[in-house]
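Per-entry structural report
As a plain string of letters, each chain reads:
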Amino acid sequence: MIRYSLTCSKGHVFEEWFDNMADYDTKAEKKKLLCPECGDKKVAKALMAPSIGAASQAPAPAPSCGMGGGGCGGCPMAGMHG
Ligand SMILES: [Zn+2]
C-alpha cells in the first residue's frame, strides 16, 4: 500500500491509499478520484512535503565538463578548449 497526498483544483489537500503507483494512475485516469470536500475530479498528486529537520542535504555534484561545449568554466580543462 502506498499513501499519496492529493490536491484538487481548489486547493483541498487530502490523502488516499493505493495498492501501488499503477493503482493511482488507473484511478486517476478513470476519474475515480474525488476531492472529499468539494467533489472535484481534478485531482493531482500533491508535492510530498520534505521532512523538516532531516539530515542536511548533500552538496550537488559539479556538472561534468562538456569538452568543447560552451559553459565550461572553472573545471580543470578550462583553457584547453573553447
Ligand atoms: Zn476540493
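Preceding this paragraph is the structure being described.
Worth saying up front: this structure is predicted, and the values here are computed from it rather than measured.

Some thoughts on the pattern of salt bridges
On inspection of all chains with the given rule, the structure shows three salt bridges. Here Asp40 ties to Lys10 by a salt bridge, and the two come within 4.0 Å at their closest N and O atoms. With Asp40 in the loop between α1 (21-29) and β3 (43-45) and Lys10 in the loop between β1 (2-8) and β2 (13-18), the pair connects residues that are 30 residues apart, well separated along the chain. On the accessibility criterion, Asp40 (12% relative accessible area) is buried.

Re the coordination of the zinc ion
Those donors, Cys8 (SG), His12 (ND1), Cys35 (SG) and Cys38 (SG), are the protein atoms that reach the zinc ion, and they lie 2.0 to 2.4 Å from it. Of note is the zinc ion, whose four donor atoms meet at the metal with angles of 105 to 113° in an arrangement that counts as tetrahedral. Donor residues binding the zinc ion come from one chain and are separated in sequence as C-x3-H-x22-C-x2-C. Of this pair, His12 sits in the loop between β1 and β2 while Cys38 sits in the loop between α1 and β3, and the two are 26 residues apart along the sequence.

Some thoughts on unusual backbone geometry
The phi angle at Lys31 is positive, at roughly 55°, despite the residue not being glycine. With respect to the helices, strands and loops of the structure, Lys31 is situated in the loop between α1 and β3.

Focus: the side chain of Asp40
A polar side-chain atom of Asp40 sits 2.3 Å from a polar atom in the side chain of Ser9. Ignoring anything within four residues of it in the chain, the contact list for Asp40 reads Cys8, Ser9, Lys10, Leu33, Leu34 and Cys35.

Calculation notes
- In this convention, every chain numbers its residues from 1, walking through the sequence in written order.
- With pLDDT at 70 or above as the cut-off, local features in this predicted model cover only qualifying residues; side-chain atom pairs require 80 or more to be listed or tallied, and sums for whole chains, interfaces and linings still use all residues.
- Calculation of side-chain values draws on the structure's entire complement of heavy atoms; hydrogens and water are dropped beforehand.
- Criterion for a salt bridge: a side-chain nitrogen of Lys or Arg within 4 Å of a carboxyl oxygen of Asp or Glu.
- Going along the chain from the N terminus, every DSSP run of H or I of four or more residues is numbered as a helix, and every run of E of two or more is numbered as a strand.
- Here the term buried applies to any residue with accessible area under 20% of the maximum for its type, exposed to any over 50%, and partly exposed to those in between, with areas from a 1.4 Å probe on protein chains only.
- Distances decide who is a donor: an N, O or S atom must be within 2.8 Å of the metal, or within 3.2 Å for Na, K and Ca. Water is not included, so sites may look incomplete.
- Only two sets of limits are used to name each site, 85 to 135 degrees for every angle of a tetrahedral four-donor site, and over 155 degrees for opposite donors with all other angles from 65 to 115 for a square planar four-donor or octahedral six-donor site, with any other site named irregular.
- N or O atoms closer than or at 3.5 Å make up a polar contact, with two conditions inside protein: a donor-capable atom paired with an acceptor-capable one, and, for residues adjacent in sequence, both atoms drawn from side chains.
- It only takes one pair of heavy atoms within 4.5 Å for two residues to be counted as in contact.

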